[in-house]
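As a plain string of letters, each chain reads:
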Amino acid sequence: MNIFNGCAFNFSGSKARHMSIIESVLPKDKNLKICDVFNGGNSLGSQLPSSWSVTANDIESKTVELHQYLQHSVRLSSPEEVVVHIKSFAHSYVDKTKSKEGYSRLVSDYNKDQTPLGLYSLICSSFSNQIRYNSSGEWNLPTGARFMNPNMEKKLLRYLELLKGKDITFTNNDFRRVNFEEYDLVISDSPYYNTCAVYNSGWDFKDAINLMTKLDKYSEAGGRFLMFEELWSKGKPNTPLIEWATQFNIKQLGNSSDKSNYQRKGGKTQEVLIYNF
């Protein structure tokens, strides 16, 4: 597996730093049909074996559209040409000499038609490179006084190179609508129930239970799955998950010095990979 430390844009919850652990438990079969149910930034889906057919699903339509735009672009042009085009557009609004005024103009233009190119440019220059919309569906983040810098260019170029050689189909569905039984392996990196972040503010206990129930049925039917979650978060145990996970294999992500399993203000946090094969 060709390790890539990140996706095309900064996305909370990326598993890039755990790729060596993930690779150690992945099936060795060729020509598998995979579903990455909560695709997010696609840092995992883009690094799966080239012989696998991957459905990269997410409920966030704008993020899915951005991946589709990048995939379509790199099928028509070289990765280098796509980067030049995107950089030119982003810097027409925000670069080293243009920040707040250019960002305000970019937000205004984006909210009129919400194109993938506009979204990527906003991510490059928003506060902490985050993605956030208000209740009306309009972009809702202040500028971070950033721009599309050389590091982001390198990340974008590497992601485009990976996309060009992969069999990936991007879909936009709630996980409840995904038929797990159609796949040889299901990967679940849902929002973590015990945490609170911009990207998982709509995820609650009912969602977590529905997901575990769906994985149970899939497992009983002979399906294989990988699931990422936190057994503990800031000293708070995820009791339903802990009880449910005991029937499967559990591998810790990180160690005592890693931020995936450590003592921090509020107590212990333990991030794990749960799998049934």
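Above: the structure in question.
None of these values were measured; they are calculated from a predicted model.

Reading the values: the criteria
- Residues numbered from 1 in each chain as written.
- Predicted model: local features only at pLDDT ≥ 70, side-chain atom pairs only at ≥ 80, totals over all residues.
- Heavy atoms only, no water.
- Helix = DSSP H or I, 4+ residues; strand = E, 2+ residues; numbered from the N terminus.
- Salt bridge = Lys/Arg side-chain N within 4 Å of Asp/Glu carboxyl O.
- Buried < 20%, exposed > 50% of the residue type's maximum accessible area, 1.4 Å probe, protein only.
- Phe/Tyr/Trp six-rings, centres within 6.5 Å; stacked < 30°, edge-to-face > 60°.
- Lys NZ or Arg CZ within 6 Å of the ring centre and 35° of its normal.
- Pairing = 2+ DSSP bridges.

K.L.:
Tell me about unusual backbone geometry, and name the residues and values.
P.N.:
The backbone phi angle of N42 is positive, close to 65 degrees, even though this residue is not glycine. The phi torsion at S128 lies on the positive side, around 55 degrees, for a residue other than glycine. Among the secondary structure elements, S128 is positioned in the loop between α5 (116–125) and α6 (150–164).

K.L.:
Describe in detail the pattern of salt bridges, supporting the description with residues and values.
P.N.:
Oppositely charged side chains can pair when the atoms bearing their charge come close. In total, this model carries 10 salt bridges according to the counting rule given. Linking K15 and D189 is a salt bridge whose minimum nitrogen-to-oxygen distance equals 3.0 Å. On the criterion of sequence distance, the pair formed by K15 in the segment before α1 (19–25) and D189 in the loop between β4 (185–188) and α7 (205–220) is long-range, its members being 174 residues apart. For the pair K15 and D189, one class covers both residues: buried. One salt bridge connects D109 with K112, and the closest N-O pair in it is separated by 3.9 Å. Of this pair, D109 and K112 both sit in helix α4 (residues 100–113), three residues apart, roughly one helical turn. Several salt bridges converge on common partners, so that one network encompasses K15, R17, D189 and E271.

K.L.:
Describe in detail the packing of aromatic side chains, supporting the description with residues and values.
P.N.:
Under the counting rule described, the total for this entry stands at 12 aromatic pairs. For the ring pair F225 and F248, a centre distance of 5.1 Å and an interplane angle of 80 degrees mean the geometry is edge-to-face. On the criterion of sequence distance, the pair formed by F225 in strand β5 (residues 224–233) and F248 in the loop between α8 (239–245) and β7 (249–252) is long-range, its members being 23 residues apart. Among the residues examined, F225 registers a relative accessible area of 0% and is labelled buried. The positively charged end of K33 is found above the aromatic ring belonging to Y183, 5.6 Å away from the centroid.

K.L.:
Give a description of the pairing of β4 that names residues and reports values.
P.N.:
Because side chains alternate across β4, one face comprises the buried residues L185 and I187, and the other comprises V186 and S188, equally buried. In this sheet, β4 lies alongside strand β1 (residues 33–36) in parallel orientation, the contact comprising three bridges. Bridge pairing in β4 links C35 to V186. Here β4 pairs with β5 via four bridges, running parallel. Paired with I187 across the bridge in β5 is L226.

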